[in-house]
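So the chains spell out like this:
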There are 2 protein chains.
Amino acid sequence: MINGNILVGAAEHVGEATFRAVDPATGATLDPAFAESGKAEIDAACALAAAAYPSFSETDLTTRAAFLEAIADNIVAIGDDLIVRAMAESGLPRVRLEGERGRTVGQLKLFANVVRAGDFLDVTIDPAMPDRAPLPRPDMRRRNIALGPVAVFGASNFPLAFSTGGGDTASALAAGCPVVVKGHPAHPGTGELVARAIQKAVADCGLHEGVFSFLPGTTHELGGGLVADPRIAAVGFTGSRGGGLALVKIAAERAVPIPVYAEMSSINPVVLLPAALAARGAAMAPAFVQSLTMGAGQFCTNPGLVLALAGPELDAFVEEAGKVLAEAKPVQMLTPGIHASFEQGVAALEKHDAVTVVARGCVGDGVNQARGAIFRTDAAQFIADAALGHEVFGSSAIIVACRDQDEIAQVIAGLEGQLTATIQHDAGDEAMAAMLVPLLAAKVGRVLANGWPTGVEVSHTMVHGGPFPATSDGRTTSVGALAIDRFLRPVCYQSLPEALLPPVLRDANPWGVARRMDGKMTPA
Amino acid sequence: MINGNILVGAAEHVGEATFRAVDPATGATLDPAFAESGKAEIDAACALAAAAYPSFSETDLTTRAAFLEAIADNIVAIGDDLIVRAMAESGLPRVRLEGERGRTVGQLKLFANVVRAGDFLDVTIDPAMPDRAPLPRPDMRRRNIALGPVAVFGASNFPLAFSTGGGDTASALAAGCPVVVKGHPAHPGTGELVARAIQKAVADCGLHEGVFSFLPGTTHELGGGLVADPRIAAVGFTGSRGGGLALVKIAAERAVPIPVYAEMSSINPVVLLPAALAARGAAMAPAFVQSLTMGAGQFCTNPGLVLALAGPELDAFVEEAGKVLAEAKPVQMLTPGIHASFEQGVAALEKHDAVTVVARGCVGDGVNQARGAIFRTDAAQFIADAALGHEVFGSSAIIVACRDQDEIAQVIAGLEGQLTATIQHDAGDEAMAAMLVPLLAAKVGRVLANGWPTGVEVSHTMVHGGPFPATSDGRTTSVGALAIDRFLRPVCYQSLPEALLPPVLRDANPWGVARRMDGKMTPA
């Protein structure tokens, strides 16, 4: 089922097979070898995507929703082969990947529902007012249209939910944008399986073959070439800050700049408020360590920073967290590269003069396993060295003891943009919590109370985004229904006769969508 | 009433008075001299804006709407002094400026209504599902919050509606963003009068003084310094392509990049379809020339490009348009610089080998007056030289004769992004019109039929935007209710107790806004 070819529309390109996936649990390379996509494939995929755009962007809502559901069904139909291959390529356990498949399928179905509802079109009609003085008002109608072909760069840490058929692809297709995926080199086989499921859905639904292409590869030339292609209209990316900023730069320097939605880095501050810390500090420690070490901490929303007032209550929390972590089993990381980078980040903190090591997790007996790490410092030291606020991707956290409430606020004010911020609060913390919530909201896309930031709900409310550098565009989210908005733009039609209007804007409302008429919402 | 000072919050800074407005009708300089805002004023205005942000962004909807209406009232209350000063500084006639004042006031009132309705907050609630398997769903609530302080750069061609108190300022304030205006040097007195009206509204409404500052000046250091200031979160700009792109570059190179909404250049293609041209070609000519020469063509939506099939019908239209233009009186332009630049652009076309001059307007007896210009070429020549598709700001248009329908489509496909596109169609043009509308929609923010693009309605449907380089962000509009979205970002609140939630997200819906509950819209 996996042959390492490049999928360009309905066709397969047999490229020079240059790279293989690596099983991070053994270091062994896996069959088959995969083709490196080059300039010819970028050009062919983008040409097909541009050719598919006019018809695909105007598919009716039923057709487009059915297409998203067909992708979901086809992914499920791959069966256990998908899970087995993803396990081998990512080192992630079966239960996690089965859950992630469910999430991926659920995400496609959510967007099918979003498409059917049609609210994303934001249909707005201002009827003509021929008798208005001093000038008559023309008939004006507005809807959103798809931006154009979208390039998607998947993440290593969610080989299903944030990769080939993940949130960026689902939301771009839902918007009516053809998608060209740059296949992630860490899970090329998983990518190919999902790509074939999408390719089959395109054919089954009778859509233009250019709606989807899959370009596996390892080179910067592939990623850069795709973003630079004049037919690409937007980019979705999940990954490192360096990688995301490189794409942002290429996109900004094009003759026609395009938006890049890069979800990059976040240390997800958690503030333990005094009453909560006193009442349940020791009890919180295991939950914190679990959130920190789950999946080897390879989550965008991993809690990498804990803030609290210095004192015996914090000391007790730190001690207990250290004890729990010291017994935590090491967890397989996704790739040798990610593991090396994690070890390097942790080693730098271990050697840092202003930081003490609270605990490390158990030493494993395999390769590429993450030993969790908890560090401690104080607010003055944390503020003095910006490097202490940089993400170490993996299960590494730094606990910052603050002198008083003002110092907590000061640390927060100095933070970069984040995906999430969390408060642990209890009766007695009301005033401090009320002060903190707006400060934290100004820095993040999501504020949580009495929970842990890992676990990202795919819903209408989710904001998996946040101010720079958490993402390159803090006005957006890459998870949840709102993600579709990233790939749309408004177009106004003035004085067009019915026959020339797109169907959704016609008087009879043939698509049955909610409309704002003369400023007032009328339901579907 | 006008003293040339810099308005920083509630205070006046007496700077070094270095520049004066020029009456373009006479070339004479006007009193008083105006202060040049420098680094100290940028710093003070941005510090105040940042200080105002927490309270202003959380003002309740009634307070914020009343503030916008107070600005409108205060602008009206300036009375005729505003019109007289604006006439002297812009050369625009009284009737136009009175109309523009009405538009400016209407715009502020539209945003007051948008604020009161509260839909812009996009309140979305997914209630907790404690019994959901395998994992319970937490209570999640989302709303939009203001991005932060916004820098506004006004346009010369609308000293009221697109300047100090114009659409960018109105929509940013409506979103809850403090505003720092970089005063336009072509109409500093008009700017100061409006700025004082806004400053007074801030005080009257009891808001933080940092909600608004006005920094007059002429230097690139002022504009660049304002965009580079780390406290500025977004930029609104209307003006030249060079100016807009310079600000985009500065914003992209900041440590924390920010969005720039620059509305830059557009030649607004008009396609005359064969049946329409045959039936009413001669009749369309005066309307075309009127749209072209109104306000000396100093509109973003001026029709600078006409496409039609070559033949006697087009020749008749061209001849008639030439006749009408040859009798058109010259019109005062806004500034000597704009006039010089218009003359330079027209002279280049006059000398162009591939272009013939159809007609020029009458020669005037004053200074800085625009003589309209209509040129003609064919599609092959137009496609061969990209310079023919560049905007000449003012009443200059080029008519392009095309061999057939395919060649019209080819010219359109090669166009840069535009604000508008227009078709003139009639019975018999149905098939061609149906082919053209989607092609044109892919290039523009607004498609018109049987009208002319000048005249931009301030409404819920308006899209005064379009793909690059018409604007720097084709996902947005700078006119109409949707303009508020530019200055917002979503924040999700997970498992927060009622007391910690922003009021608008609380169960009781104390602000009475429409909410999406579990995916379903519930009206206000």
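Residues numbered from 1 in each chain as written. Chains lettered and ligands numbered in written order. Predicted model: local features only at pLDDT ≥ 70, side-chain atom pairs only at ≥ 80, totals over all residues. Heavy atoms only, no water.

Going by what an unreviewed UniProt entry lists, chain A is known as NADP-dependent aldehyde dehydrogenase and is assigned to Sphingomonas prati.

Once that is clear, we can look at the overall build of chain A. For chain A, the count of helices and strands is 14 helices and 23 strands. Here the C-alpha radius of gyration of chain A, 25 Å, is about what a compact globule of 524 residues would show, namely 24 Å. Along the three orthogonal principal directions, the C-alpha set of chain A runs to about 75 × 65 × 40 Å. Within chain A, the proportion of its 524 residues that are buried is 61%. Long-range pairs, those at least 24 residues apart, make up 76% of the contacts in chain A between residues at least 6 apart in sequence. Counting every atom, chain A has about 17800 Å² of accessible surface; 57% of that belongs to carbon and sulfur. (Helix = DSSP H or I, 4+ residues; strand = E, 2+ residues; numbered from the N terminus. Rg over C-alpha atoms; globule rule 2.2 N^0.38 Å. Buried < 20%, exposed > 50% of the residue type's maximum accessible area, 1.4 Å probe, protein only. Contact = heavy atoms within 4.5 Å. Areas by Shrake-Rupley, 256 points an atom, 1.4 Å probe, with all protein chains shown as cover.)

Moving on: the interface of chain A and chain B. Counting from both sides, the interface comprises 61 residues of chain A and, opposite them, 61 residues of chain B. Where chain A meets chain B, there are six salt bridges. R132 of chain A is the partner of E457 of chain B in a salt bridge, and the nearest nitrogen-oxygen pair spans 2.5 Å. Our count for the chain A to chain B interface comes out at 32 residue pairs in polar contact (both at pLDDT 80 or more). Breaking the side of chain A that touches chain B down by element, the ones donating at least two residues are β5 (124-126), β6 (140-146), α14 (430-441), β20 (446-449) and β21 (488-494) of chain A. When residues of the side of chain A that touches chain B are assigned to their parent elements, the largest contribution, seven residues, is made by β21 of chain A. Partitioning the side of chain A that touches chain B into residue classes produces 34 nonpolar, eleven polar and 16 charged. Both β21 of chain A and strand β20 (residues 446-449) of chain B contribute to a ladder of three bridges, which runs parallel. When the bridges of β20 of chain B are listed, Y493 of chain A appears paired with V447 of chain B. (Salt bridge = Lys/Arg side-chain N within 4 Å of Asp/Glu carboxyl O. Polar contact = N/O pair within 3.5 Å; in protein donor to acceptor, adjacent residues only side chain to side chain. Nonpolar A, V, L, I, M, F, W, Y, C, P; charged D, E, K, R; others polar. Pairing = 2+ DSSP bridges.)

What follows concerns the environment of A441 of chain B. Along the chain, the position of A441 of chain B falls in helix α14 (residues 430-441). It is 37 Å that separates the C-alpha atoms of A441 of chain B and L505 of chain B, two residues lying 64 residues apart in sequence. In this structure, A441 of chain B is in contact with I145, R489, V491 and Y493 of chain A together with V447 of chain B, ignoring residues within four places of it in sequence.

The tally for this structure, following the rule as stated, stands at 58 salt bridges over all chains. Measuring nitrogen to oxygen at the nearest pair gives 2.9 Å for the salt bridge that ties E350 of chain A to R360 of chain A. Of this pair, E350 of chain A sits in helix α11 (residues 336-351) while R360 of chain A sits in strand β15 (residues 356-360), and the two are ten residues apart along the sequence. The class for E350 of chain A is partly exposed, based on a relative accessible area of 35%. Under the relative-accessibility criterion, R360 of chain A is labelled buried at 13%. Across the pair D229 of chain B and R231 of chain B runs a salt bridge whose closest N-O atoms are separated by 2.9 Å. The exposure class assigned to R231 of chain B is partly exposed, which follows from its relative accessible area of 27%.

Before going further, it helps to examine the relation of the copies chain A and chain B. Mapping chain A onto chain B leaves a residual RMSD of 0.0 Å; the transformation is a rotation of 180 degrees accompanied by 0.0 Å of translation along its axis. Taken together, these values place the two copies in the relation of a two-fold axis. Of the C-alpha atoms belonging to chain A, the one lying closest to the rotation axis is found on A252 of chain A, 4.0 Å away. The fraction of interface residues of chain A whose copies in chain B are also interface residues reaches 100%, indicating that both copies meet through the same surface. (Least-squares fit on C-alpha atoms with pLDDT ≥ 70 in both.)

By the secondary structure assignment, R142 of chain B is in strand β6 (residues 140-146). Assessed through its relative accessible area of 3%, R142 of chain B is described here as buried. For R142 of chain B, the side chain forms a polar contact with the main-chain oxygen of H460 of chain A, separated by 2.7 Å. Every residue in contact with R142 of chain B, bar those within four places of it in the chain, is listed here: H460, T461, M462, V463 and L482 of chain A together with D122, V123, T124, P490, V491, C492 and L505 of chain B.

Residue and element names in this part refer to chain A. Entries for chain A in the domain assignment read domain 1 (39-264 + 474-486) and domain 2 (269-449). Placing a centre on the C-alpha atoms of domain 1 and another on those of domain 2 gives a separation of 33 Å. Listed per partner, the contact involves twelve residues of domain 1 and twelve residues of domain 2. Summed over both sides, the interface between domain 1 and domain 2 buries roughly 890 Å², with carbon and sulfur atoms accounting for 57% of that surface. Counting the surface domain 1 buries against domain 2, the share from its top three residues, N157, R241 and E263, is 42%. Counting every contact that joins domain 1 to domain 2 gives one salt bridge. Linking domain 1 with domain 2 are two residue pairs in polar contact (both at pLDDT 80 or more), by the criterion used here. Residue classes in the side of domain 1 that touches domain 2 are distributed as four nonpolar, four polar and four charged. (Domains from an automatic or database assignment. Buried area = accessible area lost by both parts, 1.4 Å probe.)

Strand order across the open sheet formed by twelve strands is β23(A)-β22(A)-β5(A)-β6(A)-β21(A)-β20(B)-β19(B)-β12(B)-β13(B)-β18(B)-β17(B)-β15(B), with mixed pairing between neighbours. Only two strands of the sheet have a single partner each, and these edge strands are β23 (520-522) of chain A together with β15 (356-360) of chain B. Recorded for the sheet is a direction-independent mean angle of 20 degrees between the axes of neighbouring strands. Note that β5 of chain A and strand β22 (residues 515-517) of chain A share two bridges and pair parallel. Paired with I125 of chain A across the bridge in β22 of chain A is M517 of chain A. (Axes fitted to C-alpha atoms, helices over the stretch in contact; angles between N-to-C directions.)

This brings us to the packing of helix α4 (residues 94-117) of chain B against helix α5 (residues 167-175) of chain B. Two measures define how a pair of helices packs: the angle their axes make with one another and the distance between the axes. Residues and elements named next belong to chain B. Where α4 meets α5, the closest approach of the two axes is 10 Å, and the angle between their N-to-C directions is 20 degrees. By the angle between their directions, the pair α4 and α5 is classed as roughly parallel. Both α4 and α5 take part in a crossing whose hand is right-handed. Contact with α4, carried on its side by Q107, L108, F111 and V115, involves G167, A170, S171 and A174 of α5 and no other residues of that element. Its residues assigned to classes, the contact of α4 with α5 shows five nonpolar, three polar and no charged. (Parallel < 35°, antiparallel > 145°, perpendicular 65-115°, else oblique. Left-handed = near helix turned anticlockwise from the far one by under 90°.)

Looking now at the UniProt feature "domain: Aldehyde dehydrogenase" (unreviewed entry) in chain A. UniProt annotation of "domain: Aldehyde dehydrogenase" (unreviewed entry) refers to residues 17-466 of chain A when read in the numbering used here. Between the C-alpha atoms that bound residues 17-466 of chain A there is a distance of 39 Å. The span itself is 44% helix and 17% strand. (UniProt positions renumbered as here; feature names shortened; annotations may be inferred.)

Quick look at the packing of helix α7 (residues 220-228) of chain B against helix α8 (residues 241-252) of chain B now. Residues and elements named next belong to chain B. In contact at an axis separation of 9 Å, α7 and α8 are set at 35 degrees when each is read in the N-to-C sense. Between α7 and α8 lies a crossing whose hand is right-handed. Between α7, through G223, G224, V227 and A228, and α8, the contact on the second element is made entirely by L247, I250 and A251.

Between two aromatic rings, the relevant description is the distance of the centres plus the angle of the planes. All names here are of chain B. Here the structure, examined in full by the defined rule, presents 16 aromatic pairs over all chains. Aromatic pair F158 and F162: ring centres 5.1 Å apart, planes at 50 degrees, arrangement tilted. Accessibility expressed as a relative area gives 10% for F162, which makes it buried. Ring geometry for F288 against F317: centres 5.7 Å apart, planes inclined by 40 degrees, an arrangement best described as tilted. (Phe/Tyr/Trp six-rings, centres within 6.5 Å; stacked < 30°, edge-to-face > 60°.)

A word on the environment of H425 of chain A. Note on placement: H425 of chain A falls in the loop between β19 (420-424) and α14. The spacing of H425 of chain A and A279 of chain A is 146 residues in sequence and 9.7 Å in space, taken between C-alpha atoms. The contact partners of H425 of chain A, leaving out residues within four places of it in the chain, are L273, A276, R280, A449 and N450 of chain A together with P497 and L500 of chain B.

Overall, the coordinates contain zero disulfides over all chains when judged by the stated rule. Between C205 of chain B, a cysteine without a disulfide, and C177 of chain B, which holds the nearest cysteine sulfur, the sulfur-to-sulfur distance is 17 Å. For the unlinked cysteine C300 of chain B, the closest cysteine sulfur is that of C492 of chain A, found at 15 Å. Exposure remark for C300 of chain B: the relative accessible area of 10% places this residue in the buried category. (Disulfide = S-S within 2.5 Å.)

Before going further, it helps to spend a moment on helix α11 (residues 336-351) of chain B. All names here are of chain B. Along its 16 residues, α11 runs 22 Å from first to last C-alpha, staying within 8% of the 22 Å computed at 1.5 Å per residue. Here α11 has its buried residues at I338, H339, F342, G345, V346 and L349. One side of α11 holds all its buried residues, which, seen down the axis, span an arc of 130 degrees. Exposed and facing more than 90 degrees away from the buried side of α11 are Q344 and K351. (Expected span 1.5 Å × (residues − 1). Arc of directions from axis to C-beta.)

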